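The chain contents come next:
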Amino acid sequence: MTLREHTNAALVGLAVVLLTAAGWAQTGKAPSVSMAPVGLVTAARTTQTNVDLNFRVASGFHINSNTPKSEFLIPTALKMDLPTDIILGKIDYPAGQDLSFPFSPDEKLNVYSGDFTIALAVHPLHSVVPGKYVMHGVLRYQACDNAQCFPPKTLPVSFEVKVVKEPATHHTNPAQSPHVHN
């Protein structure tokens, strides 16, 4: 690519960013996703505990699902940074909804809109000292309305896990001989 082509590509990219920002300013509402508070999660050591994270996409917007239909679309992704000795289990994303929009009427996009839940599992290891731990992470998403897409954003995600000792295992005594020994 020549210097002139690089310059033209950069100018086109800048124009897209400026037009997106101008469109955002004209609509008066910022595309956003919010997270409902999560109550205290109690998790026993050595046990996997499921946690539901409930999100809401602002009215009039949608975000790409975690499996968008095009490699050029930015997927919604949850990244967690857990304390040592607490393992992150499977992250279970909901199925997106296939919808078409005025900006691309012949193409269906896989999106989330309104309320959606991402489920994940936390698994404290036996070495975790019982107590409260804050789980931190971010939800990365790209919001769009019916006319345009906006720059990607990240939403801080956090919730508390109270780690408790694992339930005691009940040990039975070995079977006794039915014979009486004198």
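Described in the following lines is the structure provided in the data block. (Residues numbered from 1 in each chain as written. Predicted model: local features only at pLDDT ≥ 70, side-chain atom pairs only at ≥ 80, totals over all residues. Heavy atoms only, no water.)

### Concerning the overall build of the protein chain
When helices and strands are counted, the protein chain shows one helix and twelve strands. Each helix (α) and strand (β) of the protein chain, taken in turn from the N terminus, gives the series α-β-β-β-β-β-β-β-β-β-β-β-β. For the protein chain, the proportion of its 182 residues judged to be buried stands at 31%. Here the contacts in the protein chain between residues at least 6 apart in sequence split such that 73% fall between residues at least 24 apart. (Helix = DSSP H or I, 4+ residues; strand = E, 2+ residues; numbered from the N terminus. Buried < 20%, exposed > 50% of the residue type's maximum accessible area, 1.4 Å probe, protein only. Contact = heavy atoms within 4.5 Å.)

### Regarding the pattern of salt bridges
This structure, assessed with the given rule, holds three salt bridges. Among the ionic pairs, Arg 45 bridges to Glu 166, the shortest N-O distance being 2.8 Å. Placement of Arg 45 in the loop between β2 (41-44) and β3 (49-57) and of Glu 166 in the segment after β12 (153-164) is noted, with a sequence separation of 121 residues between them. The exposure class assigned to Arg 45 is buried, which follows from its relative accessible area of 11%. According to the relative accessible area criterion, Glu 166 is partly exposed, its value standing at 23%. (Salt bridge = Lys/Arg side-chain N within 4 Å of Asp/Glu carboxyl O.)

### Some remarks on the sheet that holds β12
Spatial ordering of the open sheet is given by β2-β12-β10-β5, a layout of four strands whose pairing is mixed. A single partner strand is all that each edge strand has here, and the edge strands are β2 and β5 (77-81). The average angle at which neighbouring strand axes cross in this sheet is 35 degrees, direction not considered. Taken together, the five bridges between β5 and strand β10 (residues 131-141) define a ladder with antiparallel strand orientation. Within β10, the position partnered with Asp 81 by the bridge is His 136. (Pairing = 2+ DSSP bridges. Axes fitted to C-alpha atoms, helices over the stretch in contact; angles between N-to-C directions.)

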